[in-house]
Amino acid sequence: MNKNEYEDYKQAVDIFFKKEGINDLNAITDDDGYYEPYFSSINCDCCNRSLAGDRYKCNSYNAEYKEIYEYSVCMDCYYYAEYGHLDDVTMDEIAWNNGEEL
């Protein structure tokens, strides 16, 4: 991923959060408190990228409509929603592709 792709990604996620009226994504756990990713080739509900891979079942509360919405999101979106950036390896790749020192 390069810097321009990362900016496009952040914009797509921001648009999704605003459109849905949500502020976060919370993984839905099983009865034992675990959340397991599952494989899917369907676009991520959040970033809408078509990359096949692991998905997490997540939910979020929309305060305006007082409803909980459920989503299927890629690992990147789950991580981004939790930490405000992508994983360290991807962020290092973006910096390297942009010619920045790590």
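Residues numbered from 1 in each chain as written. Predicted model: local features only at pLDDT ≥ 70, side-chain atom pairs only at ≥ 80, totals over all residues. Heavy atoms only, no water.

Visitor: Please explain the pairing of strand 4 (residues 67-74) as it appears in this structure.
Guide: Side-chain positions along a regular strand alternate between the two faces of the sheet. Across eight bridges, strand 3 (residues 53-62) lies against strand 4 in antiparallel orientation. Its bridge partner lying in strand 4, Tyr61 is registered against Ile68. Joining the antiparallel neighbours strand 3 and strand 4 is a turn of four residues, in which Lys66 adopts a positive phi near 55°. (Pairing = 2+ DSSP bridges. Helix = DSSP H or I, 4+ residues; strand = E, 2+ residues; numbered from the N terminus.)

Visitor: Which parts of the structure should I look at to understand unusual backbone geometry?
Guide: Backbone phi values are negative for most residues with the exception of glycine, while trans is the configuration of most peptide bonds. Residues other than glycine seldom take positive phi values, yet Asn48 does so here, at roughly 65°. Turning to its location among the elements, Asn48 is positioned in the loop between strand 2 (38-40) and strand 3.

Visitor: For this particular structure, what's the right way to read the environment of Tyr35?
Guide: Within the secondary structure, Tyr35 is located in the loop between strand 1 (26-27) and strand 2. Looking at Tyr35, the relative accessible area reads 38%, which means it is partly exposed. Sequence separation of Tyr35 and Ile22 is 13 residues, and the distance between their C-alpha atoms is 21 Å. In contact with Tyr35, other than residues within four places in its own chain, are Ala27, Ile28, Thr29, Tyr56 and Tyr78. Looking at Tyr35, its side chain comes within polar contact range of the side chain of Tyr78, at 3.3 Å. (Buried < 20%, exposed > 50% of the residue type's maximum accessible area, 1.4 Å probe, protein only. Contact = heavy atoms within 4.5 Å. Polar contact = N/O pair within 3.5 Å; in protein donor to acceptor, adjacent residues only side chain to side chain.)

Visitor: Looking at this structure, how should I read the packing of helix 1 (residues 3-20) against helix 2 (residues 75-83)?
Guide: When two helices pack together, their arrangement is captured by the angle between the axes and the distance separating the axes. At a minimum axis separation of 12 Å, helix 1 and helix 2 run at an interaxial angle of 75°. Classified by the angle between their axes, helix 1 and helix 2 sit roughly perpendicular to one another. When helix 1 is examined against helix 2, the residues Tyr6, Tyr9, Lys10, Val13 and Phe17 are found in contact with a partner set consisting of Asp76, Cys77, Tyr80 and Ala81. Partitioning the contact of helix 1 with helix 2 into residue classes produces seven nonpolar, no polar and two charged. (Axes fitted to C-alpha atoms, helices over the stretch in contact; angles between N-to-C directions. Parallel < 35°, antiparallel > 145°, perpendicular 65-115°, else oblique. Nonpolar A, V, L, I, M, F, W, Y, C, P; charged D, E, K, R; others polar.)

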